[in-house]
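# Coordinate inspection notes
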Amino acid sequence: MCIDGKDSNGAAEDSSGGVPAKTAVDEKIEKGEDIMYITVGDTAMAMKLADNASAEAFRGLAASGPFTVEMKAYGGFEQVGALGESLPAADEQILAESGDVMLYQGNSVTIFYGTNSWSYTRLGKIENMDQKELMEIFGGRDVTVTFSLEE
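Cut-offs applied
Residues numbered from 1 in each chain as written. Predicted model: local features only at pLDDT ≥ 70, side-chain atom pairs only at ≥ 80, totals over all residues. Heavy atoms only, no water. Helix = DSSP H or I, 4+ residues; strand = E, 2+ residues; numbered from the N terminus. Buried < 20%, exposed > 50% of the residue type's maximum accessible area, 1.4 Å probe, protein only. Contact = heavy atoms within 4.5 Å. Arc of directions from axis to C-beta. Polar contact = N/O pair within 3.5 Å; in protein donor to acceptor, adjacent residues only side chain to side chain. Core = buried A, V, L, I, M, F, W, Y, C linked by side-chain atoms within 4.5 Å. Pairing = 2+ DSSP bridges.

Summing up its helical and strand segments, the chain has 3 helices and 9 strands in all. Along its sequence from the N terminus, the chain presents helices and strands in the succession α-β-β-α-β-β-β-β-β-β-α-β. Of all 151 residues assigned to the chain, the portion counted as buried reaches 37%. For the chain, restricting intrachain contacts to residue pairs at least 6 apart in sequence, the fraction spanning at least 24 positions comes to 58%.

What follows is the structure, given as structure tokens:
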């Protein structure tokens, strides 16, 4: 029995019960959320990964640490950057919307801040960011994007 943070022998109890504290990433994975993080400059965003082999392979690129992609603004609605390797693709005609992250031609990642219909493989969706915020982060200029498993 615990009274004032001490056990029956008067010793202080460990509030974690001796179990190491879980990280935010651990908690998200336990809840069934497969999350990656996208950072541009000082702005970090969470991306919920799609449930497919392409997204799993994309997540695997960050397993040994964050990786960076130089991305080019294209068409006024997306950023495109080469991954340097090919991932499994299952392209289908998709209407991509603001916040969507797609695999393009198996070897490039595309982040949308507008809409476009094309043949892509879905990698994930940026959470809690509206089109205006994404336009401010990605619109009209080339950016360096870091993908990681940790915030």
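Still more to cover.
This part covers helix H2 (residues 53-61). All of the buried residues along H2 are Ser54, Ala55, Phe58, Arg59 and Leu61. An end-on view of H2 places all buried positions within 150° of arc, on one side of the element. With a side-chain oxygen positioned 3.1 Å from the backbone nitrogen of Ser54, the residue opening H2 is Asn52.

Next up on the list: the environment of Val109. Mapped onto the elements, Val109 comes out in strand S7 (residues 108-112). A relative accessible area of 0% means that Val109 is categorised as buried. Leaving out residues up to four positions away in the same chain, Val109 has contacts with Phe58, Val69, Met71, Gln79, Val80, Gly81, Leu83, Val101, Met102, Leu123 and Phe147.

With that out of the way, let us pick up the nonpolar core. Core analysis: the largest hydrophobic core is formed by 30 residues, its most contacted members being Phe58, Phe138 and Phe147. In this structure, Ile94, Ala96, Met102 and Tyr120 belong to the second largest nonpolar core, which totals 6 residues.

Of all 5 residues in S7, 5 are buried; the element is thus mostly enclosed. What you see with S7 is no split at all: Ser108, Thr110 and Phe112 on one side and Val109 and Ile111 on the other are buried throughout. Note: strand S4 (residues 78-82) against S7, 5 bridges, orientation antiparallel. Looking at S7, one finds that Glu78 is bridged to Phe112. With 4 bridges joining them, strand S6 (residues 100-104) and S7 adopt antiparallel strand pairing. The partner of Tyr104 across the bridge, within S7, is Ser108.

Turning next to the environment of Ile137. Relative to the assigned elements, Ile137 resides in helix H3 (residues 131-138). Of the residues examined, Ile137 reaches a relative accessible area of 11% and is grouped as buried. Along the sequence, Ile137 and Thr43 sit 94 residues apart, while their C-alpha atoms lie 7.9 Å from each other. Excluding residues within four positions of it along the chain, Ile137 makes contact with Val40, Thr43, Met45, Met129 and Val143.

Nothing here speaks to function; it is all geometry.
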